[in-house]
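The primary structure of each chain is shown beneath.
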Amino acid sequence: MAVIDTISSIRRDLIACERCPALRRYCRTVARVKRRAYRTHTYWGKPVPGFGDPNARLLLIGLAPAAHGGNRTGRVFTGDRSGDFLFAALHRAGFANQPDSTNRNDGLRLKDAYITAALHCAPPGNRPKPAELDRCRDYLVRELRALTRLRAVLALGKIAFDEYLKTLRRIGRLPARPGLRFEHGGSYILPGHQPLLFAAYHPSQQNTQTGRLTAAMFDSVLMEIKSGLRISKEKAD
Ligand code: SF4
């Protein structure tokens, strides 16, 4: 009999994952040494699971937890500047009940959206190694199977975009070389009945502080997604 994977079983397995010993050592060290501003905080220090609505139609895929963000708070995009930008935008678009994300007990709830990452342990310098991404891809496979209502995927940055396509190829949902290129604001219809794929620059400080990614640019991508979800709902009705 097939075993049905759930978001809670994925979460349980992920938190206990030790497949990348160097990454695990790094995250534990960061959690022990801490940053001066957070010296009174108890860091999470474990792999950081995805978060959101298990019935979501929208999946957002980020890069990886930040050493003093998700690796500290235990929730993706929580407690760092990228998260401040992202959750404020999700709140404006109606996907989050509040604009702030400070800790994993702050009352934040996502509506019709789920957020995960290409890599679930904070990598040094925010630079994942290909072998680490390969090992962590199993979790995205499981999330894609468990999130059965998905209609749209938003890849935050090129790495997340490429990882999503590799994941689809791994599970046989996409031809070997679909020939798609990451482009901010891009939307992509994939073969079969795959969710619509959207792409945006990652809301890292490097992008948001330099003006490469503005709130208006990000809002515009979310509005396009909302319109795609509305059309897919009307078709289903
Ligand atoms: S990066 Fe992913 S595969 Fe590697 S230890 Fe963390 S959770 Fe496990």
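Given the structure is predicted, the values throughout are model-derived calculations rather than measurements. (Residues numbered from 1 in each chain as written. Predicted model: local features only at pLDDT ≥ 70, side-chain atom pairs only at ≥ 80, totals over all residues. Heavy atoms only, no water.)

Re the overall build of the protein chain
Alright, step 1. Counting its regular elements, the protein chain contains eight helices and six strands.
Alright, step 2. Counted from the first residue to the last, the protein chain has its helices and strands arranged as α-α-β-β-α-α-β-α-β-α-β-β-α-α.
Alright, step 3. In terms of C-alpha radius of gyration, the protein chain reaches 17 Å, essentially the compact-globule figure of 18 Å for 237 residues.
Alright, step 4. For the protein chain, the C-alpha atoms occupy an extent of roughly 50 × 45 × 30 Å along the three principal directions.
Alright, step 5. Counting the 237 residues in the protein chain, one finds 52% classified as buried.
Alright, step 6. Of the contacts formed within the protein chain by residues at least 6 apart in sequence, a portion of 69% connects residues at least 24 apart.
Alright, step 7. Carbon and sulfur atoms provide 50% of the accessible area of the protein chain, an area that totals close to 12,000 Å².
Alright, step 8. Computed over 40 positive and 20 negative side-chain charges, the inter-centroid distance for the protein chain is 5 Å. (Helix = DSSP H or I, 4+ residues; strand = E, 2+ residues; numbered from the N terminus. Rg over C-alpha atoms; globule rule 2.2 N^0.38 Å. Buried < 20%, exposed > 50% of the residue type's maximum accessible area, 1.4 Å probe, protein only. Contact = heavy atoms within 4.5 Å. Areas by Shrake-Rupley, 256 points an atom, 1.4 Å probe, with all protein chains shown as cover. Lys, Arg positive; Asp, Glu negative; His and termini not counted. Charge placed at Lys NZ, Arg CZ, Asp CG, Glu CD.)

Let's talk about the sheet that holds strand 1 (residues 51-52)
Alright, step 1. What the six strands build is an open sheet, ordered 1-3-2-4-6-5; its pairing is mixed. Since the sheet does not close on itself, it has two edges, and those belong to strand 1 and strand 5 (187-188), each with one partner.
Alright, step 2. Both strand 2 (residues 58-62) and strand 3 (residues 113-117) contribute to a ladder of five bridges, which runs parallel. Bridging from a neighbouring strand, Ile-61 pairs with Thr-116 of strand 3.
Alright, step 3. Where helix 4 (residues 81-92) meets the sheet, its contacts fall on strand 1, strand 2, strand 3 and strand 4 (152-156), and the angle it forms with strand 3 comes to roughly 160 degrees. (Pairing = 2+ DSSP bridges. Axes fitted to C-alpha atoms, helices over the stretch in contact; angles between N-to-C directions.)

What to know about the site of the ligand
Alright, step 1. Close to the ligand lie Cys-17, Arg-19, Cys-20, Leu-23, Arg-24, Pro-47, Leu-119, His-120, Cys-121, Arg-135 and Cys-136, which account for all nearby residues.
Alright, step 2. Of the residues assigned to the shell around the ligand, the class counts are seven nonpolar, one polar and three charged. (Near = heavy atom within 4 Å. Nonpolar A, V, L, I, M, F, W, Y, C, P; charged D, E, K, R; others polar.)

Side note on the packing of helix 5 (residues 130-146) against helix 6 (residues 158-170)
Alright, step 1. The interhelical angle for the contact between helix 5 and helix 6, taken along N-to-C directions, is 70 degrees, at an axis separation of 9 Å. For the element pair helix 5 / helix 6, the angle class is roughly perpendicular. Read as a crossing pair, helix 5 and helix 6 show a hand that is right-handed. Here Leu-133, Asp-134, Arg-137, Asp-138, Leu-140, Val-141 and Leu-144 of helix 5 lie close against helix 6, whose contacting residues are Ile-159, Glu-163, Tyr-164, Lys-166, Thr-167, Leu-168 and Arg-170.
Alright, step 2. Its residues assigned to classes, the contact of helix 5 with helix 6 shows seven nonpolar, one polar and six charged. (Parallel < 35°, antiparallel > 145°, perpendicular 65-115°, else oblique. Left-handed = near helix turned anticlockwise from the far one by under 90°.)

Side note on the packing of helix 1 (residues 7-15) against helix 5
Alright, step 1. For the pair helix 1 and helix 5, the least separation of the axes is 9 Å and the interaxial angle reads 165 degrees. Classified by the angle between their axes, helix 1 and helix 5 sit roughly antiparallel to one another. Where helix 1 crosses over helix 5, the two elements pack in a sense that is left-handed. Across the interface between the two elements, Ile-7, Ser-9, Ile-10, Asp-13 and Leu-14 of helix 1 pack against Tyr-139, Arg-142, Glu-143 and Ala-146 of helix 5.

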